[in-house]
Amino acid sequence: MRTHTSTSSPSTTPTSTKSPLYPLILLLILVHLSTSLYTLPLNRVIERRLCQDHYAEHDRSVVGSNGTVPEKLCKIDEVQRGLAWLQGMMETVFIVCDAVATIPFSFIAERYGVRVVLWCNLVPLAFMSGWALVVGNFPHVFPTQALILGPFTALLGGECVFSSTVFTLTSALAGEYVQRASYFSYISSTTYIVNFIGPTLASFTMSQNLWLPFWLNLALLLLAVPTIHMLPAAAATASPMLPVSASEDDDDNNDYDPTNEAGPLLAPQSPTPNRYSTAFSTNPHLLPRISHALHRLTRHVTGRRNFQTLLLSFFLTALASSDTKLLVRYISKRYEWTFAQAGYMLSAKALVNFALLALVVPRIIRTSMASTSVHGSEIWLNYLGAQASIAISVLGVLCVALAFKFWLLLGALVLYALGSALPVFTMSLVKSPLIARSDSDMQDFSIVMLVKTMGSLVGAPLMTVLWVQAIRLGGAGIGLPYFVSAGIYVAAAVVVARLEF
């Protein structure tokens, strides 16, 4: 994959350089759209079950003949706290299983290629949608808490492995700074445009039938299977996840050789019959290889102060951004809206995200790099862009916390969305001379995604606890998670300021 990138001619036509990105963008659309179609209706499925249980015990007069309760009666504190705890547990379990699966899946990628790993990543999403259909439609057989079994399937891969793969392949397809930054912007804007379409589609379909979004989810995941097969050939022969050597001899070599770190993370594997016949045989070297992978992972971080500083900022921003998962519940509870109505509000935020990342940021980057006064100072441009994005995020999240009326919230969400360009600048910093070195290359993205996963892992239970406490406080205190998030963003800005130029 690196060989292809290094030998690309500067004169390569835009068509030839951008076309490999199309299957990747299509895959992103399918996966993220399916996730959006699952997340929003799941809140209503859980709330409905908890609400039915509550009123069946305390006030059966509001329970309809078919066992349903009007959604607006479900915004009471007891039901919302139950929803917060169950959703928080499910998010935490999913992140933990995703992180645990990362290293084993690097060896699966070594043996079978990245396409197999991506196909495995579709299984948890499909199972969780199918399981929600089962649990939701058979309330007398399965308790609401049975939904927590779904996230355990993230042992077959999740966001950490998927995102690491996407960012590494995106970087490999780009030849130089402006193109790389633009590609990152395209990938990010794709995510945000799906986040615009997703809640809108989920809101509309769940208004027609609560179970329709889950069936659409499964259909999109089926379409993702052949899309993975369309990815560039390099995606099937190299692992972009962890710095694991493909050589068995290297597993027992304790001498550090920087040249071993270069190249693809896992060497290409030939699809020989013997390769598949021994796929599930016991490998006595597996544990030493995992230990060796962790040791090499540590070596990539130690002695690189700027990289360590940037990793800390990634952790903090991932921790702070965990508040976005609360938004739909926050809007629904604070303004007593249905989840379908709250979904439309999220789409307005995502529309700003898309416009910023697809149109504004790439134009700013190209204009700045064309200027003789800025040319050659890409690092400084990324640094200023990152700090500006964090500052806007601080203001936006504070406004979300203080928005007492829904029209104030709309303006706050638009402001908060303007800070969404942060990944474009920070991911570009990872590949800049300020951070990158000759013996790290694509492994750095894997480490970044692991750190971001750790931030989300801490953020999920933290935001759950804060949200439950916010419900208890009521009034202005209901914005507690967002006040805390603003403080964490400020800490991230201080960390980024410590980068040494």
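Note that the coordinates shown come from a computational prediction; the quantities given were computed from them, not determined experimentally.

Criteria and thresholds
- Residues numbered from 1 in each chain as written.
- Predicted model: local features only at pLDDT ≥ 70, side-chain atom pairs only at ≥ 80, totals over all residues.
- Heavy atoms only, no water.
- Helix = DSSP H or I, 4+ residues; strand = E, 2+ residues; numbered from the N terminus.
- Buried < 20%, exposed > 50% of the residue type's maximum accessible area, 1.4 Å probe, protein only.
- Contact = heavy atoms within 4.5 Å.
- Areas by Shrake-Rupley, 256 points an atom, 1.4 Å probe, with all protein chains shown as cover.
- Core = buried A, V, L, I, M, F, W, Y, C linked by side-chain atoms within 4.5 Å.
- Domains from an automatic or database assignment.
- Phe/Tyr/Trp six-rings, centres within 6.5 Å; stacked < 30°, edge-to-face > 60°.
- Disulfide = S-S within 2.5 Å.
- Expected span 1.5 Å × (residues − 1).
- Arc of directions from axis to C-beta.
- Salt bridge = Lys/Arg side-chain N within 4 Å of Asp/Glu carboxyl O.
- Patch = residues over 30% accessible without salt bridge, like charges linked within 9 Å, V, L, I, M, F, W, Y side chains within 5 Å.
- Polar contact = N/O pair within 3.5 Å; in protein donor to acceptor, adjacent residues only side chain to side chain.
- Axes fitted to C-alpha atoms, helices over the stretch in contact; angles between N-to-C directions.
- Parallel < 35°, antiparallel > 145°, perpendicular 65-115°, else oblique.
- Left-handed = near helix turned anticlockwise from the far one by under 90°.
- pLDDT = per-residue confidence, 0-100.

Draft legend 1. Region of interest: the overall build of the protein. Within the protein, the secondary structure is distributed over 19 helices and 0 strands. Across the 501 residues that make up the protein, the buried fraction comes to 55%. The contacts in the protein between residues at least 6 apart in sequence include a share of 82% that link residues at least 24 apart. If you sum the accessible surface of the protein, you get close to 20,800 Å²; carbon and sulfur atoms cover 67% of it.

Draft legend 2. Region of interest: the nonpolar core. Formed by 123 residues in total, the largest nonpolar core has its most connected members in Ile331, Val400 and Leu409. Top contributing element to this core by residue count: helix α3 (residues 21–58), with 17 residues. Of the domains in this structure, domain 1 (19–234) and domain 2 (288–500) are the two that each give at least three residues to this core. In this structure leucine 409 touches Tyr330, Ile331, Tyr335, Met345, Val400 and Ala403, once residues within four positions along its chain are discounted.

Draft legend 3. Looking closely at the packing of aromatic side chains. Here the structure, examined in full by the defined rule, presents 10 aromatic pairs. A centroid spacing of 5.3 Å and a plane angle of 25° characterise the contact between tryptophan 380 and tyrosine 383, whose relative ring orientation is stacked. In this pair, tryptophan 380 and tyrosine 383 are both assigned in helix α15 (residues 378–402), 3 residues apart and thus about one turn of the helix distant. In textbook terms, an aromatic cluster arises when at least three aromatic residues are bridged by ring pairs, as seen for Tyr38, Trp211 and Phe214.

Draft legend 4. Geometry of the state of the cysteines. Evaluated as defined, the whole model comprises 1 disulfide. Note on cysteine connectivity: cysteine 51 is disulfide-linked to cysteine 74, with sulfurs 2.2 Å apart. Classification of the bridge connecting cysteine 51 and cysteine 74 rests on its S-S torsion, roughly -90°, and on that basis the disulfide is left-handed. Remark: cysteine 74 occurs in the loop between α3 and α4 (77–112) and cysteine 51 occurs in helix α3; sequence separation between them is 23 residues. In terms of burial, cysteine 51 and cysteine 74 fall into one category: buried.

Draft legend 5. Focus on the environment of leucine 346. Following the sequence through the fold, leucine 346 ends up in helix α14 (residues 339–370). When the C-alpha positions of leucine 346 and threonine 200 are compared, they lie 8.2 Å apart, and in sequence the two are 146 residues distant. Those residues within four positions of leucine 346 in sequence are excluded, and the remaining contacts are Pro199, Leu327, Val328 and Ile331.

Draft legend 6. A look at helix α16 (residues 406–417). The end-to-end C-alpha distance of α16 is 16 Å, a good match for the 16 Å that 12 residues give at a rise of 1.5 Å each. If you check which residues of α16 are buried, you get Leu409, Ala412, Leu413, Tyr416 and Ala417. Down the axis of α16, the buried set is contained in an arc of 135°. They therefore lie on one face.

Draft legend 7. Fine view of the pattern of salt bridges. All chains considered together, the criterion is met by 7 salt bridges. For glutamate 71, the salt bridge identified is with arginine 44, shortest N-O distance 3.7 Å. One end of the pair, glutamate 71, is in the loop between α3 and α4; the other, arginine 44, is in helix α3, with 27 residues separating them in the sequence. For the pair formed by glutamate 71 and arginine 44, the shared burial category is buried. Across the pair aspartate 77 and lysine 333 runs a salt bridge, and its minimum N-O distance is 2.5 Å.

Draft legend 8. The arrangement of the environment of valine 100 in detail. By the element assignment, valine 100 lies in helix α4. Along the primary structure valine 100 and glycine 157 are separated by 57 residues, whereas in three dimensions their C-alpha atoms are 8.9 Å apart.

Draft legend 9. Geometry of a nonpolar patch on the surface. A cluster of nonpolar residues, Val96, Val100 and Leu155, forms a patch on the protein surface that exposes about 240 Å² of accessible area. The exposure class assigned to valine 96 is partly exposed, which follows from its relative accessible area of 34%.

Draft legend 10. Local environment of the side chain of arginine 44. Residue classification places arginine 44 among the buried positions, given a relative accessible area of 9%. Arginine 44 has contacts with Val69, Glu71, Cys74, Met206, Leu210 and Phe339, leaving out every residue within four places of it along the chain.

Draft legend 11. Here's a closer look at the side chain of serine 428. Examined against the element boundaries, serine 428 turns out to sit in helix α17 (residues 422–430). There is a polar contact of 2.8 Å between the side chain of serine 428 and the backbone oxygen of valine 424.

Draft legend 12. Local environment of the environment of leucine 466. Following the sequence through the fold, leucine 466 ends up in helix α18 (residues 443–473). On the accessibility criterion, leucine 466 (12% relative accessible area) is buried. A sequence separation of 13 residues divides leucine 466 from glycine 479, and the C-alpha atoms of the two residues are 9.3 Å apart. If we skip the residues at most four places from it in the chain, leucine 466 touches Leu480, Pro481 and Val484.

Draft legend 13. Just the packing of helix α12 (residues 305–320) against α17, in detail. The interhelical angle for the contact between α12 and α17, taken along N-to-C directions, is 155°, at an axis separation of 11 Å. Here α12 is positioned roughly antiparallel relative to α17, judged by the angle of their axes. As α12 runs across α17, the sense of the crossing is left-handed. Residues Leu310, Phe314 and Thr317 of α12 touch α17, and the partners they reach there are Leu422, Thr426, Met427, Leu429 and Val430.

Draft legend 14. Layout of the confidence of the model for the protein. Summing up the model confidence of the protein, the mean pLDDT is 77 and the portion of residues at 70 or higher is 76%. Here helix α10 (residues 273–277) stands out as the element of the protein with the lowest mean pLDDT, 33, in contrast to helix α19 (residues 480–496), whose mean of 95 is the highest. Under a pLDDT of 50 for its full length, residues 1–18 has, in the predicted model, 18 contacts with residues more than four places off or in other chains. Confidence drops under a pLDDT of 50 for residues 235–284, and excluding neighbours within four residues, the segment shows 114 contacts in the predicted structure.

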